[in-house]
Amino acid sequence: MKPNILKYFFFLAIILITLNANGQNFSGEATYVSKSKMELGNWGARLSEAQKKQVAARLKNRLEKSYVLKFNKQEATFLEEEKIDAISGATDSWGGYFSRGDQYKNILENKIVQSQEFYGKRFLVKDDLYKIEWTMGSETKKIGNYTCYKAKAFVPYKELNWYNFSWSDIRTNEDDKQEEKMVIVEAWYTPEIPLAHGPAEFWGLPGFILEVSADNTTLLCTEITINRNATLEIEAPDNGKEVTKNEYTLTVREKMLDMRNNRGRRRG
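Predicted model only: the values in this text are computed from it and were never measured.

1. Considerations on the overall build of the protein chain
Now for step 1: When its secondary structure is counted, the protein chain shows seven helices and 12 strands.
Now for step 2: Per-residue burial for the protein chain yields a buried fraction of 40% across its 268 residues.
Now for step 3: Considering only contacts within the protein chain whose residues lie at least 6 apart along the sequence, 69% involve residues at least 24 apart.
Now for step 4: When the accessible area of the protein chain is evaluated, it comes to approximately 15300 Å², of which 48% is carbon and sulfur surface.

2. Side note on the environment of asparagine 239
Now for step 1: Among the structural elements, asparagine 239 can be located in the loop between strand E11 (217-227) and strand E12 (241-243).
Now for step 2: In sequence terms asparagine 239 and glutamine 114 are 125 residues apart; their C-alpha atoms lie 9.9 Å from each other.
Now for step 3: Beyond its immediate chain neighbours, meaning those up to four positions away, asparagine 239 contacts Ser115, Arg122, Phe123 and Leu124.

3. Some points on the sheet that holds strand E1 (residues 27-36)
Now for step 1: The strand order across the open sheet formed by 12 strands is E7-E8-E9-E10-E11-E1-E2-E3-E4-E5-E6-E12, and the pairing between neighbours is mixed. On the outer flanks of this sheet lie strand E7 (135-143) and E12, each paired with one strand and no other. Each strand of the sheet is rotated relative to its neighbour by a mean of 20°, with strand direction disregarded.
Now for step 2: Here eight bridges tie strand E8 (residues 146-156) to strand E9 (residues 182-190), and the two strands are oriented antiparallel to one another. When the bridges of E9 are listed, proline 156 appears paired with methionine 182.

4. Quick look at the pattern of salt bridges
Now for step 1: Within the structure shown, the criterion is met by 10 salt bridges.
Now for step 2: Put simply, glutamate 242 and lysine 126 hold a salt bridge, and the shortest N to O gap is 3.2 Å. Residue glutamate 242 is found in strand E12, and its partner lysine 126 is found in strand E6 (residues 121-128); the two are separated by 116 residues along the sequence.
Now for step 3: The class for lysine 126 is partly exposed, based on a relative accessible area of 37%.
Now for step 4: Between lysine 141 and glutamate 211 there is a salt bridge; the shortest N-O distance is 3.0 Å. In this pair, lysine 141 is assigned in strand E7 and glutamate 211 in strand E10 (residues 208-214), connecting sequence segments 70 residues apart.
Now for step 5: What makes glutamate 211 buried here is its relative accessible area of 13%.
Now for step 6: Here the salt bridges do not stand alone but share partners, grouping Glu139, Lys150 and Glu186 into one network.

5. Structural notes on the side chain of asparagine 110
Now for step 1: Along the polypeptide, asparagine 110 turns up in the loop between strand E4 (103-106) and strand E5 (111-118).
Now for step 2: For asparagine 110, the contacting residues outside a window of four places in its chain are Asp127, Asp128, Leu129, Lys131 and Trp203.

6. Re the pairing of E10
Now for step 1: Judged by how many residues are buried, E10 sits mostly within the fold: six of seven residues are covered.
Now for step 2: In terms of strand pairing, E9 meets E10 through six bridges, oriented antiparallel. Directly across from glutamate 186, in E10, lies its bridge partner serine 213.
Now for step 3: One ladder, built from four bridges, connects E10 with E11; its direction is antiparallel.

7. Remarks on the nonpolar core
Now for step 1: By size, the foremost hydrophobic cluster in this structure holds 34 residues, and its most contacted members are Trp134, Val185, Phe202 and Phe208.
Now for step 2: Of all the elements in the fold, those that place two or more residues in this core are E1, strand E2 (64-71), strand E3 (75-81), E8, E9, E10 and E11.
Now for step 3: Apart from residues lying up to four places away in sequence, phenylalanine 208 is in contact with Ala30, Tyr32, Leu69, Phe71, Trp188, Tyr189, Thr190, Ile193, Leu195, His197 and Ile224.
Now for step 4: Residues Phe123, Trp162, Val252 and Met256 belong to the second largest nonpolar core, which totals 10 residues.

8. Examining the side chain of glutamate 201
Now for step 1: Among the secondary structure elements, glutamate 201 is positioned in the loop between E9 and E10.
Now for step 2: For glutamate 201, a relative accessible area of 10% gives the class buried.
Now for step 3: There is a polar contact of 3.1 Å between the side chain of glutamate 201 and the side chain of glutamine 103.

9. Considerations on the pairing of E7
Now for step 1: Across six bridges, the pairing between E7 and E8 is antiparallel. Within E8, the position partnered with methionine 136 by the bridge is alanine 151.
Now for step 2: The antiparallel hairpin formed by E7 and E8 contains two residues in its connecting segment, where glycine 144 sits at a positive phi of about 65°.

10. Concerning the confidence of the model for the protein chain
Now for step 1: A residue-level look at the protein chain finds 69% of positions with pLDDT of 70 or above and a mean pLDDT of 80.
Now for step 2: The low-confidence segment residues 84-96, where pLDDT is below 50, has 17 contacts with residues more than four positions distant or belonging to other chains.

Rules and cut-offs
- Residues numbered from 1 in each chain as written.
- Predicted model: local features only at pLDDT ≥ 70, side-chain atom pairs only at ≥ 80, totals over all residues.
- Heavy atoms only, no water.
- Helix = DSSP H or I, 4+ residues; strand = E, 2+ residues; numbered from the N terminus.
- Buried < 20%, exposed > 50% of the residue type's maximum accessible area, 1.4 Å probe, protein only.
- Contact = heavy atoms within 4.5 Å.
- Areas by Shrake-Rupley, 256 points an atom, 1.4 Å probe, with all protein chains shown as cover.
- Pairing = 2+ DSSP bridges.
- Axes fitted to C-alpha atoms, helices over the stretch in contact; angles between N-to-C directions.
- Salt bridge = Lys/Arg side-chain N within 4 Å of Asp/Glu carboxyl O.
- Core = buried A, V, L, I, M, F, W, Y, C linked by side-chain atoms within 4.5 Å.
- Polar contact = N/O pair within 3.5 Å; in protein donor to acceptor, adjacent residues only side chain to side chain.
- pLDDT = per-residue confidence, 0-100.

What follows is the structure, given as structure tokens:
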């Protein structure tokens, strides 16, 4: 077994043993703000600065989001707070197809359950949690009242974005053989909250993750409430067709491929 994996299990065991020994319940709620950089590629190079600002305003709901993480010692849910489009007054329906759905994690049982909806059909994605091999450093900084330590990891892009798709993701079988893309993840965690939880797909450090950056997105905890005297009941989503992450990915890609082919036939 690799040293980092051994280190992960050691720290997770220490956290759980300490909490059980002290009889502490440790539950609570944390609010996170997500901010992503706008990537326009070659198309964006042809836009004026005024046009780029207009695009950014229209994409604001996709670039800036708010989430709530509710947790107890071993379970957590991570839910997006729905926003209304500032320009049209409507929710972002197309973007919603490729947003993270209601997520449930159980770090003791190593399970994830996530509710996803695509073109009117609801899926219940059940799979194992991806074990992140963290490298922990000594650098520190304050986030709110908490002293946080820095940790880094390399995580496969598909593990962080299995629910998110674009037309460029529709590739032939030959294209799928290309080298796997890895994402650099930088996290800040605090041992002052002795839980291995974190937002989204991130977890497994010897303390609560208050900030994490991956690819072009940063998640920052802006508010957290801890209750050491009561256990918060956490419920997993339970509605939809049960599939694995890989099965869900294949289903959506096949549908998008059909849509692209049908569009091509109509043009012809």
